Amino acid sequence: MQLAQFAAVAASVLLAALVVFQGALIAGAPLGRFAWGGQHNVLPTKLRIGSATSIVLYVLFAYVALAKAGMVPPLVNDGFTDVFCWVLTGYLALGIVLNGISRSKPERLVMTPTVIVLTGLFLILALQ
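Parameters and conventions
- Residues numbered from 1 in each chain as written.
- Predicted model: local features only at pLDDT ≥ 70, side-chain atom pairs only at ≥ 80, totals over all residues.
- Heavy atoms only, no water.
- Patch = residues over 30% accessible without salt bridge, like charges linked within 9 Å, V, L, I, M, F, W, Y side chains within 5 Å.
- Areas by Shrake-Rupley, 256 points an atom, 1.4 Å probe, with all protein chains shown as cover.
- Salt bridge = Lys/Arg side-chain N within 4 Å of Asp/Glu carboxyl O.
- Helix = DSSP H or I, 4+ residues; strand = E, 2+ residues; numbered from the N terminus.
- Buried < 20%, exposed > 50% of the residue type's maximum accessible area, 1.4 Å probe, protein only.
- Expected span 1.5 Å × (residues − 1).
- Contact = heavy atoms within 4.5 Å.
- Axes fitted to C-alpha atoms, helices over the stretch in contact; angles between N-to-C directions.
- Parallel < 35°, antiparallel > 145°, perpendicular 65-115°, else oblique.
- Left-handed = near helix turned anticlockwise from the far one by under 90°.
- Nonpolar A, V, L, I, M, F, W, Y, C, P; charged D, E, K, R; others polar.

Undergrad: Please clarify how a nonpolar patch on the surface should be interpreted in this entry.
TA: Taken together, the side chains of Leu-94, Val-97, Leu-98 and Ile-101 present a nonpolar region at the surface, about 400 Å² in accessible area. With respect to the helices and strands, the residue Val-97 is situated in helix H3 (residues 78-100). Here Val-97 falls in the partly exposed class, since its relative accessible area comes to 46%.

Undergrad: How should helix H2 (residues 45-68) be read in this particular structure?
TA: Think of an α-helix as turning once every 3.6 residues; residues three or four places apart then point the same way. Under the 1.5 Å per step criterion, the end-to-end length of H2 is 35 Å for 24 residues, consistent within 8% with the ideal 34 Å. When we look at burial in H2, the residues that qualify are Leu-47, Gly-50, Ser-51, Ser-54, Tyr-58, Phe-61, Ala-62, Val-64, Ala-65, Leu-66, Ala-67 and Lys-68. Where H2 is buried, its residues touch helix H1 (3-26), H3 and helix H4 (105-126). Where H2 terminates, the next one or two residues include Gly-70, which has phi positive at roughly 75°.

Undergrad: Just to check I follow, could you spell out the packing of H2 against H3 for this structure?
TA: The relative placement of two packed helices is expressed as an angle between their axes plus a distance between the axes. Packing of H2 against H3 leaves a shortest axis separation of 10 Å and a crossing angle of 130°. As summarised for this structure, H2 and H3 are arranged oblique, according to the angle between their axes. When the axes of H2 and H3 are compared, the crossing they make is left-handed. Here Leu-60, Phe-61, Val-64, Ala-67 and Lys-68 of H2 lie close against H3, whose contacting residues are Thr-81, Asp-82, Phe-84, Cys-85, Leu-88 and Tyr-91. Looking at the contact of H2 with H3 residue by residue, the class counts come to eight nonpolar, one polar and two charged.

Everything listed here is a matter of coordinates, which is why it stays silent on function.
Shown next, in the form of structure tokens:
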């Protein structure tokens, strides 16, 4: 397996885990301390909608990773995929900062390393 394919699969697996996590939050699991600033143990409706939006985005992110590695067809074309991969790398890098300054210690301890790994994987893909 090439490095890009490994990075794409690893990113997709991590994003799938986040989809499951966000789905649990939508279903009312008392895991809110790990997300959205950690202010709610069970998410209110507005944040559940945010979690649903996150699921859609995570699926899109995984598809972009797989497309960049040549494992699925690109969304639009290779140029769009290249640019979008760099945009996602920057977005995830911002997520490192935002999770790192969260008031929620559980969120800082779990989500910050998660986003660091995702940023690294997308950087590998962007550089390909």
